[in-house]
Amino acid sequence: MPPHRLSPLLTLPVIVSALGFFVDVYDMLIFSIVRVPSLQSMGLSKAEVSSVGAFILYCQQAGLLVGGILWGIIGDRRGRMSVLFGSIVMYSLANIACGVVPYITFMRPTDYYALMRFVAGVGLSGEIGAAMVLVAEILPKAIRGYGTSMVAGVGYLGAGLAYIVNSLFDWQTAFFVGGGMGLALLLLRVSVFESGLFTAMKQEHVGVSRGNFGQFFRSWAGVGKYLRCVAVGLPTWFIVGILATFANEFGEAMHLPNTVEPGRCVMLLYIGLAGGDMLSGPLSQWLRSRKRAVAYLLISSVLLCTIYLFGGLRTVGMLYAICLLLGFCTGYIAMYLTMVAEQYGTNLRATATTSVPSIVRGMLIPMTLSFQALKPAFGTLNAAAIIGIVVFGLAFWSLSNMEETFAKELDFVEA
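None of the values given here were measured: they were computed from a predicted structure.

**Student:** It is not clear to me how the overall build of the protein should be interpreted in this structure. Could you clarify?
**Tutor:** Secondary structure assignment for the protein yields 17 helices and zero strands. In terms of overall dimensions, the protein is globule-like: its C-alpha atoms have a radius of gyration of 20 Å, near the 22 Å expected for 415 residues. Principal-axis analysis of the C-alpha atoms gives the protein an extent of 60 × 45 × 45 Å. A buried classification covers 60% of the 415 residues belonging to the protein. If the 26 positive side-chain charges of the protein are averaged to one point and the 20 negative ones to another, these points end up 4 Å apart.

Dropping the structure here:
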């Protein structure tokens, strides 16, 4: 037990941030979990389920990309709480709208589905960055890593609830539950206060530029710093968006005797993520290093990805077990986003911490397109391996060139 008081971890802003990320994860992953049954219910063929499902996923990821920049700018100009209110309203209503897809007659239901997933993506992109920034700024630096780890650990359990709800009810109800939870959480958010660092920055640095996305690209050093932050997160969505979401295709390529459920793979992966993120905070505190904690988990992820693709898995149960372990070893997202928040001053912190993970999510589009393009020539397993080599290579190189930010003071601004 560290010689620091941990009671600030149980304050309302931390708890509400964790619950908000829980709902965010539920609503973000619910499409991946219900993708196949929802599209099958509309009479789509197996090939159409794959192609239309991929297009809808692209729309959601594009929304995440657009929203990440938008909400980040709002967070640095209007405040962290404005993002936490606005984003949850948007993605909650959009998820409820997804539940009525079969009743849409004014346009093609699949096009409406894609549009609503885009709107949901825009809303969903604001939650994690704003929550991480708020928690990082209100907690003492000595326990900052525990706080962000707690938010992510609790949040990723939302995937488990999404899978359970989908198992008990139909896919439409699963969307309604997600939207309802988000709207209910608004009542708790009314009592959460704004970040003191942000409030002080507005008063003490009146003329400083806030939420200027272009400021990341004013110099080659700034561009490199921002792109390194993006690259470190790429393996997370390679694993979630490729290995788990298309797990049924990998199961066929491995000639497994039973059909693999992608929804179960996503659920197990995120349960693992919850455990890994709960570990990453204490690990970082023990090592007194953000970079080393992330590096150890990345190395473990590489080994498990290799086993997933080329380990000669013989049963569906073995594949599910690897997904759970992969999630645990990919659970460095809390420390990763803490590092991003610590890299930038208070006037750009929300813009960076919200836009970076959203760009990472948006990079799933080229990753998926590359995966589909490489499959005919190299096969499903080798195509994924090629993408994995590129993604992990960029992540390790970028991490090695990032600043170590453990226990860094956050009361500063970017000129």
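What follows picks up the thread again.
**Student:** Would you explain the layout of surface pockets in this entry?
**Tutor:** A probe as big as a water molecule, rolled over the atoms, marks out the empty space that is left. When its volume is computed, the largest pocket comes out at roughly 520 Å³. Along its surface, the largest pocket is lined by 22 residues, and V36, N248, T259, V260 and P262 are the ones closest to its centre. Every element with two or more residues in the lining of the largest pocket is listed here: α1 (12-40), α2 (46-77), α6 (158-168), α10 (247-253) and α11 (262-287). No other element matches the six residues that α1 contributes to the lining of the largest pocket. One number sums up the size of the second largest pocket: a volume of about 260 Å³. The wall of the second largest pocket is formed by 15 residues, among which L234, M363, V390, V391 and L394 lie closest to the centre. Those elements that provide at least two residues to the lining of the second largest pocket are α9 (220-244), α16 (364-378) and α17 (380-400). No other element matches α17, which puts six residues into the lining of the second largest pocket. The residue inventory of the lining of the second largest pocket, partitioned by class, reads twelve nonpolar, two polar and one charged.

**Student:** Help me out: how do you make sense of empty space enclosed by the protein in this one?
**Tutor:** Within this structure, the stated rule accounts for two cavities of 30 Å³ or more. Space inside the largest cavity adds up to approximately 170 Å³. Together, 16 residues line the largest cavity, and Y156, T236, W237, I333 and R361 are the ones closest to its centre. Secondary-structure elements contributing two or more residues to the lining of the largest cavity are α1, α9, α14 (333-343) and α15 (349-362). For the lining of the largest cavity, the element with the most residues is α9, which contributes four residues. Across the lining of the largest cavity, the residue classes break down as 13 nonpolar, two polar and one charged.

**Student:** Please clarify how the pattern of salt bridges should be interpreted in this entry.
**Tutor:** A side chain of one charge can pair with a side chain of the opposite charge if their charged atoms are brought near each other. Applying the stated criterion across every chain yields a total of ten salt bridges. For the salt bridge of E409 with K141, the shortest nitrogen-to-oxygen distance reads 3.0 Å. Taken together, the residues span a long stretch of sequence, with E409 in the segment after α17 and K141 in the loop between α4 (109-138) and α5 (144-155) at a distance of 268 residues. Residue classification places K141 among the partly exposed positions, given a relative accessible area of 36%. With a closest N to O distance of 3.3 Å, E403 and K408 form a salt bridge. Residue E403 is classed as partly exposed on the basis of its relative accessible area of 36%. Shared partners join several salt bridges into a network, and the residues in it are D76, R80, E137 and R349.

**Student:** Would you mind showing me how to read α16 here?
**Tutor:** Structurally, the α-helix is built with 3.6 residues per turn, so residues lying three or four positions apart point the same way. Here α16 contains 15 residues, and its C-alpha end-to-end distance of 20 Å stays within 8% of the 21 Å for a straight helix at 1.5 Å per residue. For α16, every residue scored as buried is listed here: L364, I365, M367, T368, F371 and K375. Check the buried side of α16 and you find it contacts α2, α9, α10, α15 and α17. One or two positions beyond α16, positive phi appears at G379, with a value near 90°.

**Student:** What exactly am I supposed to notice about the packing of α1 against α6 here?
**Tutor:** Geometry of a packed helix pair, given as the angle between the helix axes and the separation of the axes. Following both chains from N to C, one finds α1 and α6 inclined at 45°, their axes separated by 8 Å at the closest point. Classified by the angle between their axes, α1 and α6 sit oblique to one another. The chirality of how α1 crosses α6 is right-handed. For the pair formed by α1 and α6, the contact residues are F22, V25, Y26, L29, I30, I33 and V34 on the first element and G158, A159, L161, A162, Y163, V165 and N166 on the second. Of the residues assigned to the contact of α1 with α6, the class counts are twelve nonpolar, two polar and no charged.

**Student:** Just to check I follow, could you spell out the packing of α9 against α15 for this structure?
**Tutor:** Put simply, α9 and α15 touch, their axes get as near as 8 Å, and they point 50° apart. Between α9 and α15, the interaxial angle falls into the category oblique. Crossing hand, α9 versus α15: right-handed. Contact residues: α9 offers Y226, C229, V230, G233, L234, T236 and W237, while α15 offers S355, V356, I359, V360 and R361. For the contact of α9 with α15, the class distribution of residues is eight nonpolar, three polar and one charged.

Cut-off values and rules
- Residues numbered from 1 in each chain as written.
- Predicted model: local features only at pLDDT ≥ 70, side-chain atom pairs only at ≥ 80, totals over all residues.
- Heavy atoms only, no water.
- Helix = DSSP H or I, 4+ residues; strand = E, 2+ residues; numbered from the N terminus.
- Rg over C-alpha atoms; globule rule 2.2 N^0.38 Å.
- Buried < 20%, exposed > 50% of the residue type's maximum accessible area, 1.4 Å probe, protein only.
- Lys, Arg positive; Asp, Glu negative; His and termini not counted.
- Charge placed at Lys NZ, Arg CZ, Asp CG, Glu CD.
- 1 Å grid on protein atoms, 1.4 Å probe; cavity = no way out; pocket = protein on both sides within 12 Å on 5 of 7 lines; lining within 4 Å.
- Points joined across faces, edges and corners; volume = space filled by probe spheres on them.
- Nonpolar A, V, L, I, M, F, W, Y, C, P; charged D, E, K, R; others polar.
- Salt bridge = Lys/Arg side-chain N within 4 Å of Asp/Glu carboxyl O.
- Expected span 1.5 Å × (residues − 1).
- Contact = heavy atoms within 4.5 Å.
- Axes fitted to C-alpha atoms, helices over the stretch in contact; angles between N-to-C directions.
- Parallel < 35°, antiparallel > 145°, perpendicular 65-115°, else oblique.
- Left-handed = near helix turned anticlockwise from the far one by under 90°.

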